[in-house]
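Letter by letter, the chains look like this.
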Amino acid sequence: MDATIKSIRPSKPSDRQSESRPAELDPAEFLAAAVRADQPRPARAEAEAAVKTLLAYIGENTEREGLLDTPRRVVEAFDELYQGYHQCPAEVLDRTFGETAGYDDFVLVRDIEFTSQCEHHMMPFYGKAHIAYTPVERVVGLSKLARLTDIFARRLQTQEHLTAQIAAAIDEVLKPRGVAVLIEAEHTCMSVRGVAKHGASTFTSRFTGMFRDNPAEQARFLSLVRGLQR
């Protein structure tokens, strides 16, 4: 079962401009690391103690052999899962290449696998990102789009916000003629708990520039993403 997220039609005529142009994000969200070097943070021992408290809360015996090192392991896993807070998206896109022989069509990287964590329940959601942009003279290394996706995915997220951040970062740093981002994912907060609908997929998209303004370019992007090359 697929669930496609669509924008809500505005209720007031004054809101129609915002319908045709996506709301802008604060550049601080996508151009710098989310955690500053001088930002106060709990000590590692405090984080491990918090994990131990949660284990006790669910009814576990925190002193049994199998759980003695669990607080340490969980904190180490957090360091890995949420490393995106300490990485700078703008730096990933900083190096570009000018030898393109006048290439003027869009560049598409399809099927970028990712895993992120839902900010509402701290449960994983995972899937694929499809990213295209139309360069102006210079292009970025293809692996950088995958790295950019991972930086934002390795933070607490909603799929909608993740989609918007990826598009905004590419748009702001590379200044292309347009950006297209489509993300498809399964959310374990929906498939494992709650309504428990395993296999339900959520799709989100964001278009800027020529992709936003030209329906034919949107259609061509979606066609290539789906493998229906013309």
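Residues numbered from 1 in each chain as written. Predicted model: local features only at pLDDT ≥ 70, side-chain atom pairs only at ≥ 80, totals over all residues. Heavy atoms only, no water.

Enquirer: Tell me about the overall build of the protein, and name the residues and values.
Expert: Tallying secondary structure elements over the protein gives nine helices and eight strands in all. For the protein, with 230 residues in total, the buried portion stands at 37%. For the protein, the share of sequence-separated contacts (at least 6 apart) that also reach a separation of at least 24 residues comes to 72%. When the accessible area of the protein is evaluated, it comes to approximately 14,000 Å², of which 51% is carbon and sulfur surface. (Helix = DSSP H or I, 4+ residues; strand = E, 2+ residues; numbered from the N terminus. Buried < 20%, exposed > 50% of the residue type's maximum accessible area, 1.4 Å probe, protein only. Contact = heavy atoms within 4.5 Å. Areas by Shrake-Rupley, 256 points an atom, 1.4 Å probe, with all protein chains shown as cover.)

Enquirer: Quick one: what's the story with the pattern of salt bridges, residue by residue and with numbers?
Expert: Applying the stated rule across the entire model yields 12 salt bridges. When the shortest N-O distance is used, the salt bridge between E63 and K52 registers 3.0 Å. Highlighted residues: E63 in the loop between α2 (44–57) and α3 (70–81) and K52 in helix α2, separated in sequence by 11 residues. The exposure class of E63 is partly exposed, given its relative accessible area of 49%. Judged by relative accessible area, K52 falls into the partly exposed class, the value being 36%. Its salt-bridge partner being D213, residue R212 comes within 3.1 Å of it at the nearest N-O pair. R212 gets classed as partly exposed once you look at its relative accessible area, which sits at 27%. Owing to a relative accessible area of 45%, D213 belongs among the partly exposed residues under this scheme. One connected set of salt bridges, linked through shared partners, spans D69, R72, R73 and E76. (Salt bridge = Lys/Arg side-chain N within 4 Å of Asp/Glu carboxyl O.)

Enquirer: Go over the nonpolar core, please, and point to the residues and values.
Expert: Counting residues in hydrophobic clusters, the biggest one holds 30 residues, and the most contacted among them are L93, F114, Y133, L145, I166 and I170. Take this core: its biggest share by element is seven residues, from helix α6 (residues 159–174). In contact with F114, not counting residues within four places along its chain, are F125, Y126, G127, K128, A129, T149, D150, A153, L162, I183, E184 and A185. Of all hydrophobic cores here, the second largest spans nine residues; its members include A132, F207, F211 and F221. (Core = buried A, V, L, I, M, F, W, Y, C linked by side-chain atoms within 4.5 Å.)

Enquirer: Run through the side chain of T100, naming residues and quoting values.
Expert: Relative to the assigned elements, T100 resides in the loop between β2 (96–97) and β3 (107–118). In this structure T100 touches E137 and V139, once residues within four positions along its chain are discounted.

Enquirer: Give a description of the packing of helix α5 (residues 142–153) against α6 that names residues and reports values.
Expert: Between α5 and α6, the least distance of the axes is 10 Å, while the angle of their chain directions is 135 degrees. Accordingly, the angle class assigned to the pair α5 and α6 is oblique. Classified by chirality, the crossing of α6 by α5 is right-handed. Of the residues in α6, those touching α5 at L145, L148, T149, F152 and A153 are L162, Q165, I166, A169 and I170. Per-class residue counts for the contact of α5 with α6 are eight nonpolar, two polar and no charged. (Axes fitted to C-alpha atoms, helices over the stretch in contact; angles between N-to-C directions. Parallel < 35°, antiparallel > 145°, perpendicular 65-115°, else oblique. Left-handed = near helix turned anticlockwise from the far one by under 90°. Nonpolar A, V, L, I, M, F, W, Y, C, P; charged D, E, K, R; others polar.)

Enquirer: Before we move on, could you go through a nonpolar patch on the surface and cite the residues and values that matter?
Expert: Where nonpolar side chains cluster on the molecular surface, the patch consists of F78, L81 and M122 and spans about 250 Å² of accessible area. By the element assignment, M122 lies in the loop between β3 and β4 (124–134). Using a relative accessible area of 41% as the deciding quantity, one classes M122 as partly exposed. (Patch = residues over 30% accessible without salt bridge, like charges linked within 9 Å, V, L, I, M, F, W, Y side chains within 5 Å.)

Enquirer: Go over the packing of α2 against α3, please, and point to the residues and values.
Expert: For the pair α2 and α3, the least separation of the axes is 8 Å and the interaxial angle reads 115 degrees. Two packed elements cross with a definite hand, and for α2 against α3 that hand is right-handed. Contacts between α2 and α3 pair R44, A47, E48, V51, K52 and L55 from the former with T70, P71, R72, V74, V75, E76 and D79 from the latter.

Enquirer: Break down the packing of aromatic side chains for me, citing the residues and quoting the values.
Expert: Counted according to the given criterion, the structure contains six aromatic pairs. Seen from their ring centres, Y82 and Y85 are 6.4 Å apart, and the 45 degrees between their planes marks the pair as tilted. We classify Y85 as partly exposed; its relative accessible area is 23%. Between F207 and F221, the ring centres sit 6.0 Å apart and the planes meet at 85 degrees, which makes this aromatic pair edge-to-face. (Phe/Tyr/Trp six-rings, centres within 6.5 Å; stacked < 30°, edge-to-face > 60°.)

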